[in-house]
Amino acid sequence: MDRAQKEKVVGELGQIFESSGVVVVARYEGMTVAQMQDLRADMRAVGGSVRVAKNKLAKIALEGKPGASMGDLLKGMTVFAYSEDPVAAAKITDAYARKNEKFVILGGAMGNTALDPAGVKAVAQMPSREELIAQIVSIIGAPASSIAGAIGAPASNIAGILTTIEERLAA
């Protein structure tokens with residue numbers, strides 16, 4: 001790899017570290033190509049990505065960026081999993097680490113906040129962006145349905161009373 005290629009990789013990694021909601025660093029030593037492709041497919045499905053890069057270039061790219069503390073994790077065969085959604089990459093890597101013992105989460109960063117393996121696991125248990133939006137919509141919609149039910153209730157009560165009176169008169 002010549003100098004121009006290295007500079008390009010450092011630039012790409014720097015962009016990843018700046019724009020990603022979360023970056024997870026993991027060790028992948030011993031994984032097969034098929035296993036790595038499965039991980040990449042899982043990440044792609046949630047809008048994330050997986051990147052393998054030389055540790056030295058990644059450390060250079062981390063200088064002055066959010067999550068610069070991740071540089072300490074870059075030893076051995078490491079891989080970056082990242083996504084704009086602050087929860088997606090953590091969820092996928094946590095689930096993948098549970099089913100593949102060769103994939104070991106070392107930590108990561110969420111903005112300027114450094115994450116240890118337990119921190120990545122905690123982020124993975126948080127609801128995703130879509131789940132939060134659904135919860136907010138249901139909370140906003142609940143009062144409206146309650147109001148509609150309250151408005152409709154007296155009318156149905158009156159209808160029930162009138163039906164009862166009508167049945168008594170007919171009898």
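Engineer: Got a minute to help me understand the overall build of the protein in this structure?
Structural biologist: Looking only at helices and strands, the protein features six helices and five strands. Secondary structure elements of the protein, listed N to C terminal, follow the sequence α-β-α-β-α-β-α-β-β-α-α. In the protein, 78% of the contacts between residues at least 6 apart in sequence involve partners at least 24 apart. Carbon and sulfur atoms make up 59% of the accessible area of the protein, which totals about 10200 Å².

Engineer: Even after reading the chapter, I still don't get the side chain of T78, so can you show me in this structure?
Structural biologist: Note on placement: T78 falls in strand 3 (residues 78-83). Exposure remark for T78: the relative accessible area of 2% places this residue in the buried category. A distance of 2.6 Å separates polar atoms of two side chains, one belonging to T78 and the other to N55. In contact with T78, other than residues within four places in its own chain, are V25, A26, Y28, V52, A53, N55, L73 and L106.

Engineer: Even after reading the chapter, I still don't get the nonpolar core, so can you show me in this structure?
Structural biologist: It is characteristic of soluble globular proteins that their nonpolar side chains tend to be buried jointly. Counting residues in hydrophobic clusters, the biggest one holds 21 residues, and the most contacted among them are V24, M36, L39, M43, V79 and F103. Among the elements of the structure, strand 1 (22-27), helix 2 (33-45), strand 3, helix 4 (88-99) and helix 5 (117-124) are those that each provide at least two residues to this core. Looking at this core, the element that brings in the most residues is helix 4, giving four residues. Setting aside residues no more than four positions away along its own chain, F103 makes contact with A26, R27, Y28, M31, L39, V79, T93, Y96 and A97. In this structure, L13, A58, M70 and L106 belong to the second largest nonpolar core, which totals 18 residues.

Engineer: What exactly am I supposed to notice about the sheet that holds strand 4 (residues 104-110) here?
Structural biologist: Strand-to-strand pairing in sheets goes through backbone hydrogen bonds, with the strands running parallel or antiparallel. With respect to topology, five strands assemble into an open sheet ordered 2-3-1-4-5, the strand pairing being antiparallel. The sheet terminates laterally at strand 2 (49-52) and strand 5 (113-115), the two strands that pair on one side only. Sheet twist, expressed as the average angle between the axes of neighbouring strands with direction ignored, equals 20°. Inspection of the sheet shows strand 2 paired to strand 3 by four bridges, in the antiparallel sense. Residue pairing across strands places S49 opposite Y82, the latter belonging to strand 3.

Here is what the cut-offs are and how they apply
- Residues numbered from 1 in each chain as written.
- Predicted model: local features only at pLDDT ≥ 70, side-chain atom pairs only at ≥ 80, totals over all residues.
- Heavy atoms only, no water.
- Helix = DSSP H or I, 4+ residues; strand = E, 2+ residues; numbered from the N terminus.
- Contact = heavy atoms within 4.5 Å.
- Areas by Shrake-Rupley, 256 points an atom, 1.4 Å probe, with all protein chains shown as cover.
- Buried < 20%, exposed > 50% of the residue type's maximum accessible area, 1.4 Å probe, protein only.
- Polar contact = N/O pair within 3.5 Å; in protein donor to acceptor, adjacent residues only side chain to side chain.
- Core = buried A, V, L, I, M, F, W, Y, C linked by side-chain atoms within 4.5 Å.
- Pairing = 2+ DSSP bridges.
- Axes fitted to C-alpha atoms, helices over the stretch in contact; angles between N-to-C directions.

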